[in-house]
Structures are given as structure tokens and as C-alpha cells.
Amino acid sequence: MSVCSGLTSYFSIPMLMCSSERRKSEIVIRGWEESSYHSLLLLVGAVSQNMEATPQTGPNRGQRRLKLVNFEIQENHISHETQGLSDKHLVVRRGKPFKVTLLFYRRMWNPKAERLALQVLLGEMSAKMLVHFSDKWSDPHSWSAQIYPGNIRQRVVTIHVCAPVLSSVARYQLLVHIVGAHEQSSYAAGTFVLLCNPWLKEDPVYMPLDVQRQEYVKSDYGVIYMGTDVSVSQRPWSFGQYEPGVLEACLQLLQVSPQHLSNSHKDYVLRADPAYLSRIICAMVNSSDDMGLLEGRWKGSYKDGVEPTQWSGSADILHRWMASKGKPVRYGQCWVFASVLCTVMRVLGIPSRVVTVFNAAHDGDGNLITEEFYSSTGERLGLSKDSIWNFHVWVECWMKRSDIGVGFDGWQVVDPTPQEMSGGAYRCGPCPVVAIQRRYLGTPYDTAFVYASVDADIVRMIVRSGKVVGKKVDTKWVGRLIFTKSIGSDVPVDLTDSYKRQKQDQTYRMGNSVWCASRSVGPHPVEEMVCLSSRSDMPRPPIEDTSSLDVTLTVQGEPTSGKSINLTVTITNLTNSTRLLREHLNSQLKEFNSGPEKSFWKSHQEVSIQPFGDLTRHHFIPSSKYEAFLVGDDIVKVVAVIKDLKTKERVLAIQDFNLSSPKINIKVEGGDSIQLKKEHTAIVSFTNKLNKPLSGAVLTVEGYGLLQGKQEARLTVLHPDEKIEKKVAIMASTSGTKLLSASFSHSSSSNVVSRRFHKVSVTT
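Residues numbered from 1 in each chain as written. Predicted model: local features only at pLDDT ≥ 70, side-chain atom pairs only at ≥ 80, totals over all residues. Heavy atoms only, no water.

## Remarks on the environment of serine 257
Now for step 1: Within the secondary structure, serine 257 is located in the loop between helix H4 (246-255) and helix H5 (258-262).
Now for step 2: With relative accessibility at 0%, the residue serine 257 sits in the buried group.
Now for step 3: For the pair formed by serine 257 and alanine 283, sequence separation is 26 residues and the distance between their alpha carbons is 8.5 Å.
Now for step 4: Leaving out residues up to four positions away in the same chain, serine 257 has contacts with Asp267, Ile280 and Met284.
Now for step 5: Here leucine 254 takes part through its backbone oxygen, which lies 3.1 Å from a polar atom of the side chain of serine 257. (Helix = DSSP H or I, 4+ residues; strand = E, 2+ residues; numbered from the N terminus. Buried < 20%, exposed > 50% of the residue type's maximum accessible area, 1.4 Å probe, protein only. Contact = heavy atoms within 4.5 Å. Polar contact = N/O pair within 3.5 Å; in protein donor to acceptor, adjacent residues only side chain to side chain.)

## A few points about helix H7 (residues 274-285)
An α-helix turns once per 3.6 residues; consequently, residues spaced three or four apart project the same way.
Now for step 1: With twelve residues, H7 ought to run about 16 Å at 1.5 Å a step, and its terminal C-alpha atoms sit 16 Å apart, in line with that.
Now for step 2: With respect to burial, H7 is a largely interior element, twelve of its twelve residues being buried.
Now for step 3: Buried within H7 are the following residues: Pro274, Ala275, Tyr276, Leu277, Ser278, Arg279, Ile280, Ile281, Cys282, Ala283, Met284 and Val285.
Now for step 4: Structurally, the start of H7 carries an N-cap: the backbone nitrogen of alanine 275 is 3.1 Å from a side-chain oxygen of aspartate 273. (Expected span 1.5 Å × (residues − 1).)

## Structural notes on the packing of aromatic side chains
Any two aromatic rings considered together are summarised by their centre-to-centre distance and by the angle between their planes.
Now for step 1: As enumerated under the stated definition, the model contains 14 aromatic pairs in all.
Now for step 2: Centre to centre, the rings of phenylalanine 98 and phenylalanine 192 are 5.3 Å apart; their planes meet at 45°, and the pair counts as tilted. Here phenylalanine 192 lies in strand E13 (residues 184-195) and phenylalanine 98 lies in strand E6 (residues 98-104), a separation of 94 residues in the sequence. There is no split in this pair, since phenylalanine 98 and phenylalanine 192 are both buried.
Now for step 3: Aromatic side chains tyrosine 216 and tryptophan 411 sit 5.2 Å apart centroid to centroid with 90° between the ring planes, which places their arrangement in the edge-to-face category. Residue tyrosine 216 is located in helix H3 (residues 210-218), and its partner tryptophan 411 is located in strand E22 (residues 410-414); the two are separated by 195 residues in the primary sequence.
Now for step 4: Given the relative accessible area of 14%, tryptophan 411 is considered buried.
Now for step 5: Three or more aromatic residues joined by ring pairs make a cluster, and in this case those are Phe98, Trp143, Tyr172 and Phe192.
Now for step 6: If you follow arginine 279 out to its NZ or CZ, it ends over the ring of tyrosine 445, 3.9 Å from the centre. (Phe/Tyr/Trp six-rings, centres within 6.5 Å; stacked < 30°, edge-to-face > 60°. Lys NZ or Arg CZ within 6 Å of the ring centre and 35° of its normal.)

Written as C-alpha cells, this is what we have:
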């Protein structure tokens, strides 16, 4: 198959077997009554697209009737909102007609004596359409091929083809048949890709507002929110769905899924359902149990791959996976998994957005309660399989959920980070957000697990000599903030109320076989019962807080790398007695997914507090105490344990925060909107704002789609207030959103000290 020059996108047509031979190979498929997605499907033999266009039998042997097919790619892509997704394939959306123009040789198709038919092939499935004349729009619920008035000219006919609104997402083959009284000539016209259609009301992924479709389907730019709930940071992400080869990689993920490899026929049938598609792709984005895209790693060395913080877009990851023929790309963490999943979903036509949950619980034993253990001096202990992630990133996909009934349509949580298995694979969702908010924990898929992520209770325990010497229940810490990017802006939208209703009075009662939690919900209290079957790991009721001390711990100002960290501990005595207390403070470097590290600063002091009095304590952690352990954007956990020396009562308070990085400046000369295939200059610089020199300073600049490889500037010593700078020439070969990334490091730190991403828009 060859493409002619110019913009016509005509394809030369190989001829297939004639009618008498083909009819013998067609067998009607039985047993498909249970599928609502396909009704006119036939089993046919394999078709080669490279056969000579020569009739096999009949009076016209050696003569080709059909010369060229024009897929009208430019016009169809504009009409179907698929511009830029591929320069190799026609890409259209189901339920909406697309144009195909046929160019004949001297002998034109005769509508009075011959029938013209089109046939689409998908694996073993086939649908054949007789081409008919009509001036009405096609029925979006069945395959159709129509010629509108005025669409026949000398040797040229334009056909409008429409796929059913519930067609499977895949790449199809298109055949053309000319059927006469005594013979049939058949031609392989080429292939086209069919996607979901959020512009069509009948499609399960229909999204009513155009601004939503532009943001959640067509936009190739996103923002990932990270850090902690008290110091939120953000970084841009290039979804990259318009980069060459990304569409093909997304389709390949479907082709190598375990479901397709084990039963391709069933997989093709089910691909009409967006819930099925999201579940398959969710598992394929991680590589824990299949030929998936990304391998995860959360600690240790990343030298045999790419450190997750270095990724800035999805296209590079998808291209590497395709180039390696299915070998997983190293390495990803939650925001990388989620961002790539969002890319694939948008390519397939399913509206999607990246969502960050701050203080996300990982409920390892499924009891909706998360336990944390601390030493008597405030050091976090790794004694529980539960954990609290400072932030966790997943995806919401928009769709109707006809598989579970009315009331669960809309945004669905789909989480590709490999945490727990669901249906035999590492995946999570799709889970309706409304089911989480209403606490319908049995709703498919994985609602109880997702609910615990945003609304579990935390029981924090102080342990000394193997015994629990203090407990505190926190019902508000988990899911304190849930953010996504707003439409048309980098400002976050707070989704917390979409996931959570305010917890009110709770009662817990134990029975012989069932544990139930009764919660009052909403402005008109309605009791909802959450019940779990009796088992050995049955959850315990939370402990009532009867503390006679109230302790809070806060961080003053914005903690910045290279400067002192200012802490304030406030203690309130709720009794009428003077009390002698011991104050323990402990600071640890903390992985964002809750892994505790070694303490880098401690304080132990005795203080006295008056009856019903308040006591405010100020503490300062100098940079010399943490600079060997911490770099920009690292997360710190500070814990205060206050002990009454007489009563032995202990009360705990915690605060997590992240250090802001020293700033890297990136400036594109002429502005951040650049022209396609035209060279521009970017200036990247870093100024040492510390009061000491930095040895072995390295400033590194990268930009997928803008630069080839890495470019560096080096200084033996970077003195205080001195600047290191690198000028780079950038050029984009494709349009869309690109990201320049820069990092700064020096020999006194084993990690990158600062990292910056800069958005660049490429226009034609």
C-alpha cells in the first residue's frame, strides 16, 4: 500500500478474491446474543493487503475496476476532533459518519446493474454494509454506508461510513466490494482507527460541555500536585498524545494485554465498554503481572533506569516501551503511572484527569482503619503494613456505568499504581466517585479500598518496651485535600467534598458474625450501615480520646532548603493542676509513600505548665542539621510527644511538610510560544543563595521534543550570589505542549538539589 504525494491521501488498491471464492469462506457467528455491541458479525478468512489488484476470475480478468481510495484524512480528522493523533492512519470516532472517496478507472461503478458494498474487519469479526443513496443522517447504532446527493461525479463517488456508537475501540480493515450479476471484485482499501466519542450524546463517554472536552480529551498539558497538604507544590506534565507513535503505542497496549492474548475475540467484543477499557489499560500501565509499560521503584538506586522525578511527559515513556518491544520502562511512581494512564485514556477518547489525594491511606488489611506506631520519643516505627502517603496520584475517567445500574455515572477512580490485586491483576477501579462519597463500599470496582484511601481513621500508638503506652484517633487526617487541575488554568480545584461527607457521631457495636459502623450522613441524617463479615482481622472500634493535654505542632513560614526550619509546639493543660512535662521532638526524612528514614534532629526538655494554662514552645532546626540528609522537595516528618512525668500520660502531635527548592530560572527568548521547526534560544540559570560556596556545581538542561540529549554547564566552585548559566538552542519538530526541564546538583549532596520544569507551546 503506498501513499500518493500531496494532501489527497489516496491509497492504491490491492484486489482480493472474487465473490464465488469469498462466499465459501463466510460463516455466520452463533452464540452472540448476550452481546449488545455487535449484531451483524461474520467470520471471514484472513486478508492480505499486499495482493495484486488483479481479478481472479470472470470476463474482466486483468482489469482493475477501482483505482484509488481517498480517506479524506484532513477533513475527517477535523470533523472527528482527532487532528494530530496520527499521520499514518485515519482516526475517527464511533457513531459519527466519516468520508471515503473512491476513484475508479474508465469503467465506473454502475448503480443500476451493480451493488457497492463496504466491509470492516476486526480480528475474526466482520460487518458488511451495502452502500445506498440517502439524504438523511446515518443511524449511530449500526454500521452504515451512504451516498448523499451530489456525491457522485465522473469516476468518483464519496461514501459516508458510520460505525455504531458502541463499536469496539481498535484498528479496523476496510474492504470494498463491487457486486455484479455474475461476479464480485474485492479490494483492500486500508485501515482506520476507531475511538470513543465524547462529543456524541449516545456514547457512554459523552461529556456535555465543550470546555470540558477540550480540557479532559484534547489538551496535552497537565499539572501534577505534590508535596503535603500544608505546602502543596506543583509540576507540569506533557501528556504528549500528539507525538508521533503515541497512538500506535496506546493501541499496542491493548493488543498485548493478557485478555487479548488469551482470547482476542472476547477482548475485541468487550472493548466497546469504556469501563472494560479502563480496567485493561490500568493493569497494562504497570508491569507487575503482564507485558506492561512501567516498572515501579520507590527506594534504592535508579542507575539502571530513569529516576521517577526526572520524567516530564508520557511520550518518552511510550516510545521507549515500543522500542524495547514490550520490555517495561524503568522507573515509575504514582504520578508517573497516573499521568501515562491519563494520556492513554485521552488518546482512546475517554475523558480523563489526574487527581492528587493528600494524606492518602493504604489500608493493607481492609479494615478501614490505619495504624501508625511511634517510639516514646517520637520516632516513626515501621511496624504496620498500613501506611499514609503524603500524596497519592490517580486518574478519574468520565463514563456511564451501565454495568452497575443507574446512579453511578460520571467520574470514576482508576489507579494504575501497583498496590493490591483486583480481579487477579495489579489495578484498581473503575470506582465511581459517587459510591465513595455515599459509602457504598460493595460497588465495583475496589470501592472499599479507595474509600479507605480518602476517609480511613488513623489510630496512632506510642510504643515503649513492646507495650502501647498512648493512643490517639484522628478521623480527619486522611484525604484532607484532594486536588485536580482546573479547566484552562493551573490553579487547583478542590474535589474533597466530591469524595467525602463530614463524619458525625459514630457508634461501633460488636456482634457474633458482623461488625458494623453506623454513620449519620448529610443535612438530613440517614443511617448508612457499613458491614464486614466476621474474621480474624475484624476491625477494632476506635479508642475514645480522653487526653487531659491538648498538643498542636505547626511549621512557621515556608520551609526553604538551606535555611532554618521554625517549629511551634502549643500545649494546653485541661486540668486544674500544675503539671511537670517532658517534651520530645523528633524530625525524620520521609518518603512520600510513608517509608520512615533515620532521624536527623531531636530535642528533649522538661517544662512546667499552669492549671488550665497554655504553653507555646519555639524550636529552630538549623540547616547544618539537615543539609546532609535533605534536598529540595524532600518531605520531613516532625513528631512531638509530651509526657506527664507524674501520671505517665503521653500525647502525640505530628506535622509533615516539604522543603521548597532553590529556584532555577528558565527564559525562552521571544516568549514561551515558539514556532514549529524554527530554532529558538532558552536561557537557564541558577544563583547560589546560600551563605557558603558549592563545589562541583552542575546545571543540566533537557527537553523531550526540543533538545537532543542533555546539555550541561559546570563550575568547580559556585560562590554565594554567583550564577551558573546555560544557553541552549531548542527546536520542535511537532506541535503541541513541550517541557524544558533543568536540574541543579553539587558534589556536597548525593541528590539533585533543585529541579524546574518550564512549559513551551509549539504553534504551526
